[in-house]
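# Chains, contacts and geometry: an overview
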Amino acid sequence: MKLSRLTSTLLVAFGVWSWVIWPRFAVAIWQDDRSWHGGSPTSFLWVHALIVVASVVFGTAIGVLGIRGWWARRPVRGDGAGGPHSR
């Protein structure tokens, strides 16, 4: 299945968005007073850390799918030098 350019672009944009938003959110959670109790991490921190990690992993996977979809739409040249998917 080949993705349209628009779909591929949206998937890549989502992947980039995940890498822009979630690390900043992680810093905000790290600095939040509710994340620490007596120098030890709280469940608030652990739950949000899990959310951040899952979101970055899924965002990366979605972005990779978008990149692969973008590359699959490239025309293959007849001289055998059509890129990574030519045979």
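Further up the page is the structure itself.
Okay, so let's go over this structure.

Conventions we followed
Residues numbered from 1 in each chain as written. Predicted model: local features only at pLDDT ≥ 70, side-chain atom pairs only at ≥ 80, totals over all residues. Heavy atoms only, no water. Helix = DSSP H or I, 4+ residues; strand = E, 2+ residues; numbered from the N terminus. Expected span 1.5 Å × (residues − 1). Buried < 20%, exposed > 50% of the residue type's maximum accessible area, 1.4 Å probe, protein only. Contact = heavy atoms within 4.5 Å. Patch = residues over 30% accessible without salt bridge, like charges linked within 9 Å, V, L, I, M, F, W, Y side chains within 5 Å. Areas by Shrake-Rupley, 256 points an atom, 1.4 Å probe, with all protein chains shown as cover. Salt bridge = Lys/Arg side-chain N within 4 Å of Asp/Glu carboxyl O. Lys, Arg positive; Asp, Glu negative; His and termini not counted. Charge placed at Lys NZ, Arg CZ, Asp CG, Glu CD.

### Section: helix α2 (residues 43–72)
Taking 1.5 Å per residue as the helical rise, α2 with its 30 residues ought to reach 44 Å, and the 43 Å between its terminal C-alpha atoms agrees with that figure. Listed as buried for α2 are Phe44, Leu45, His48, Val52, Ser55, Val56, Gly59, Gly63, Gly66 and Gly69. Here the buried face of α2 lies against α1 (5–31), β1 (36–37) and β2 (40–41).

### Some points on a nonpolar patch on the surface
On the surface, a cluster of nonpolar side chains totalling about 480 Å² of accessible area is made up of Phe14, Val16, Trp17, Val20 and Ile21. Looking at the element boundaries, Val20 is found in helix α1.

### Some words on a positive patch on the surface
On the surface, Lys2, Arg5, Arg73, Arg74 and Arg77 cluster together into a patch of positive charge. With respect to the helices and strands, the residue Arg74 is situated in the segment after α2. Given a relative accessible area of 33%, Arg74 falls into the partly exposed group.

### Re the environment of Arg24
In this structure, Arg24 sits in helix α1. For Arg24, a relative accessible area of 52% translates into the label exposed. Taking C-alpha positions, Arg24 is 9.8 Å from Val52, a pair spaced 28 residues apart along the chain.

### Details of the side chain of Ser55
As for its placement among the helices and strands, Ser55 is situated in helix α2. Among the residues examined, Ser55 registers a relative accessible area of 18% and is labelled buried. Setting aside chain neighbours within four positions, we find Ser55 in contact with Ser18 and Trp22.

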